[in-house]
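Coordinate analysis (summary)
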Amino acid sequence: MAKTQPHVDVVMIGLGWTNSIMGMELTEEGLNVLALERGPDQDTVPEFAYPKMADELTYGVRYQLMQRPAKSTVTVRHGVRDSALPYRSLGSFLPGNGVGGAGTHWNGHTWRPQPQELRLKSYVEETFGADIIPDDMTIQDFGVSYDELEPHFDFFEKVAGIAGKAGNLNGEIQAGGNPFEGWRSDEYPMPPMARTLNDSMFRDVAKAQGLHPFPLPAANASEAYTNPYGMQLAPCNYCGFCERYGCLNGSKSSPQTCVLGALKRRENFSYRANCEVMKVELAEDGKTATGVTYIDENGDEVFQPADLVIMGAYSLHNVHLLLLSGIGEPYNPISGDGVVGKNYAYQMNGGATLYFQDKAFNPFIGAGANGETLNDFGVEQIDFAREGFIGGSYFNAAMTNGQPIRNMPLPGGAPQWGAEWKEAVQQTYGHTMTIGSHGSNMAYRDCYLDLDPTYTDDHGRPLMRMTFDWKDNDVRMTQFMKQKIDTLSRALAPDDYKLSFKDFDSHYDVRPYQTTHNVGGAIMGSDPSTSVLNRYLQSWDVHNVFVMGASAFPQNLQYNPTGLVGALTYWAAKAIREQYLKNPGPLVQA
Amino acid sequence: MSAKLENASRRDFIKGSLMMIPAVTVGSGVSLTAAADEPPPNLADYTPTFFDAEEWQFVMAACDRLIPSDGAGPGALETNVPIFIDKQMEGKFGHAADWYMKGPFTEDASPLFGYQSSLTPREVYRKGIAATRRHCQDALGEDFRGLDAAGQDRVLTQLEQGALEFDEVSASQFFAFLLQNTKEGYFADPIHGGNKHMAAWKFIGFPGARAAYREWVDQHDRAYPLGPVSLTGERG
Ligand SMILES: Cc1cc2nc3c(=O)[nH]c(=O)nc-3n(C[C@H](O)[C@H](O)[C@H](O)COP(=O)(O)OP(=O)(O)OC[C@H]3O[C@@H](n4cnc5c(N)ncnc54)[C@H](O)[C@@H]3O)c2cc1C
Ligand code: SF4
């Protein structure tokens, strides 16, 4: 028999970006809020303090801050007829574990989506006609508009302290920013980061070709900053140990540096680390949740009663918990019925590595999000009917780190070992830069999440199964980007360069890191027969369960997700504060 | 700020921060408070914990071919790479402690699905070394370490390409671990046992754990002038 804890108003599952924000918002209403986080407690000091973070093997290669597959993982297969195999060791994506979640060890590329991306299906149908959408493509609108979210993008950027340059202030195009972006009500809170050699080379060549380069919006502080919660960021020192590491300098925007210090001071907030939620418990009629069951740090099962349950466990874990808790009807790709697990999507990326014998890039001088980007080939720029695909990408030339175990690009034909390998290493290290394309990934009928019939975790619960592969539409998109990056690369006149893009023979490979931008599975929308959540991220089926995170995306953006994830969290919090608390029940009538 | 000044203030900072941190451990359980001036062991004097004497000779010989001492830059043996590998076998990596290791196992799965073997890395090493040595004896009439450099390279290439078939272990998986761990030992912080005196970092120009470059970020196309520092404050 599980022991029962005293009742709280709100129980939050996970304590990453989303639930840190939600904690601030709901404690402001005077509610008693408890967060349960499965991983350890961790903070800038002592866990991320210099020098121990500057250890590539422990954090960069052995993933000390990430989820342990031994404790939590998924199975993967390419098609509905295949048997799935467990993702046994980390590679393709690296979910977080511990207070702050993946927000402690992310890069910090912080984007807003394009207005068109939030209503993608309608945009495509209105602009190019419904018949250009392939039969198996299941894209949808988010059900919330850019204009509605704008104040929340703005506030999230101020809380996180983003360094960048506006390109569109209230409809007026600004020199030096992204001229193609959606309107913004205010400038970024900090100026862009310092330019590195690769940034400048990319900027110059892009300008010469008539393109519109601008600095990547960065969650690495370009100067000292105090956010609206009174939290302070120190100027980034370009330490070169950013992605996969906690910031040793208090400069990377994270739940710790931007929110949790303020939240922990509130008496009506508490959190328990090393507590993993197993399941959301439902009342007998299945229409409301009564709380959650979790395993505490001693391994005991505990029931935590609450009036409101907020999931912020990361997209994949949100969907897993919904499936395990029986909230919403699981999606069936054969019949097309059901919704939970539907429209899992990822990110279609590619890139070029350029070698310049005579240039010194000093790659170890870098930050997670310093870089120069361009948006000329974005979703909103491309004529889908003419090009024969739906989607788009942004390009970036970034210099994030020069850590030598993982970052040793060698020219084509160089051997992998032996005396000649050593020679190639010495000749190449510090002389390469990259140009990447970061692209959208559409949703498809047979790309989805459900429970695995074979593999289980330590508690005997089925692992979640991911059915996913690359599709021709998205390969055509990335092949289009390849041509553009090839042109830019040649114009830079390197001594040698290599292109790496998916082609029509490519299948999803779980080994190389791609992104931790797993989206969908608990998608938002306007119709309960095609979405799990309504436009306020509230479960259609169980009204006191709200689900934060990129699991709500009906397909993936061309951008990194967290700018939208943060804004959607503020948007949902506003609806809870202004509507739900007064009158608990469905915020949208089905 | 002059290079000298940066150097000096950095050193004080490193010393200072080490004094403030009591017995912090890095992920693998290595203590960061190990005295900065405690010299790394000589490879010849080191007694391996995981590998037996014969296996140890194999690891040394193979590492010496993967990153040989010829030409510019140190080799795997001068940088204590075998010591790094021995330590890794005893840690979380060797035991696959963080990996999902529940069955059923599909050993012949497509490589796109990543590691699918039921063996832990330390089991792969043990079986891989035994099988490779047996192959050398049976096919070449000589232990691996008795072969000349070209002969050893031929065997390693056969392992790499999966041209050898062993009953109990995948030859290419064994080689993949051996190569991965050799490069890790070469380039990882010396606190993990290899990269002795940061020789591999000095060779390529990586400043190690300095991690502070604000004054240098916009100095374009100028090679960074300072040598590396390590987690324990050793300077190179
Ligand atoms: C290496 C890396 C680089 C990235 N770079 C970028 C980038 O440049 N730009 C960008 O936009 N995004 C980036 N991301 C993604 C970004 O980190 C996520 O979008 C963001 O952190 C998501 O916030 P979240 O609150 O939804 O989830 P998380 O931050 O993952 O937090 C979820 C928390 O829930 C906990 N949890 C899970 N299950 C349970 C359970 N059952 N019980 C209790 N707790 C649980 C987890 O341990 C975790 O701490 C990156 C991610 C990684 C890993
Ligand atoms: S690069 Fe900057 S923001 Fe990133 S970890 Fe280092 S100091 Fe922090």
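See the structure printed just above.
Residues numbered from 1 in each chain as written. Chains lettered and ligands numbered in written order. Predicted model: local features only at pLDDT ≥ 70, side-chain atom pairs only at ≥ 80, totals over all residues. Heavy atoms only, no water.

**Some remarks on the overall build of chain B**
The secondary structure content of chain B amounts to 7 helices and 0 strands. Counting from the amino terminus, chain B carries its helices and strands in the arrangement α-α-α-α-α-α-α. The 236 residues of chain B split such that 50% are buried. A fraction of 61% describes how many contacts in chain B between residues 6 or more apart in sequence connect residues 24 or more apart. Surface accessibility of chain B: about 10300 Å² in total, with carbon and sulfur atoms responsible for 51%. (Helix = DSSP H or I, 4+ residues; strand = E, 2+ residues; numbered from the N terminus. Buried < 20%, exposed > 50% of the residue type's maximum accessible area, 1.4 Å probe, protein only. Contact = heavy atoms within 4.5 Å. Areas by Shrake-Rupley, 256 points an atom, 1.4 Å probe, with all protein chains shown as cover.)

**Focus on the sheet that holds strand β19 (residues 448-456) of chain A**
Residues and elements named next belong to chain A. Across the sheet, 4 strands lie side by side as β5-β4-β20-β19; this open sheet has mixed pairing. Each of the sheet's edge strands pairs with one partner strand only, and the pair in question is β5 (85-86) and β19. Two elements, strand β4 (residues 74-77) and strand β20 (residues 462-467), share 4 bridges in a ladder whose sense is parallel. When the bridges of β20 are listed, valine 74 appears paired with methionine 464. (Pairing = 2+ DSSP bridges.)

**Focus on the site of ligand 2**
Every residue lining ligand 2 is accounted for by A:Asn220, A:Cys236, A:Asn237, A:Cys239, A:Phe241, A:Cys242, A:Cys247, A:Asn249, A:Ser251, A:Lys252, A:Gly366 and A:Ala367. A per-class count over the shell around ligand 2 returns 6 nonpolar, 5 polar and 1 charged. (Near = heavy atom within 4 Å. Nonpolar A, V, L, I, M, F, W, Y, C, P; charged D, E, K, R; others polar.)

**Considerations on the site of ligand 1**
Residues and elements named next belong to chain A. The environment of ligand 1 is made up of 35 residues, and the closest members are Thr18, Glu37, His109, Val277 and Thr562. Within the backbone of glycine 98, an N or O atom sits 2.9 Å from an oxygen atom of ligand 1. Within the contact set of ligand 1, a nitrogen atom lies 3.2 Å away from a backbone nitrogen or oxygen of asparagine 107. When ligand 1 is considered free in solution it has 1000 Å² of accessible area, and contact with the protein chains removes 98% of it. Its residues assigned to classes, the shell around ligand 1 comprises 13 nonpolar, 18 polar and 4 charged. (Polar contact = N/O pair within 3.5 Å; in protein donor to acceptor, adjacent residues only side chain to side chain.)

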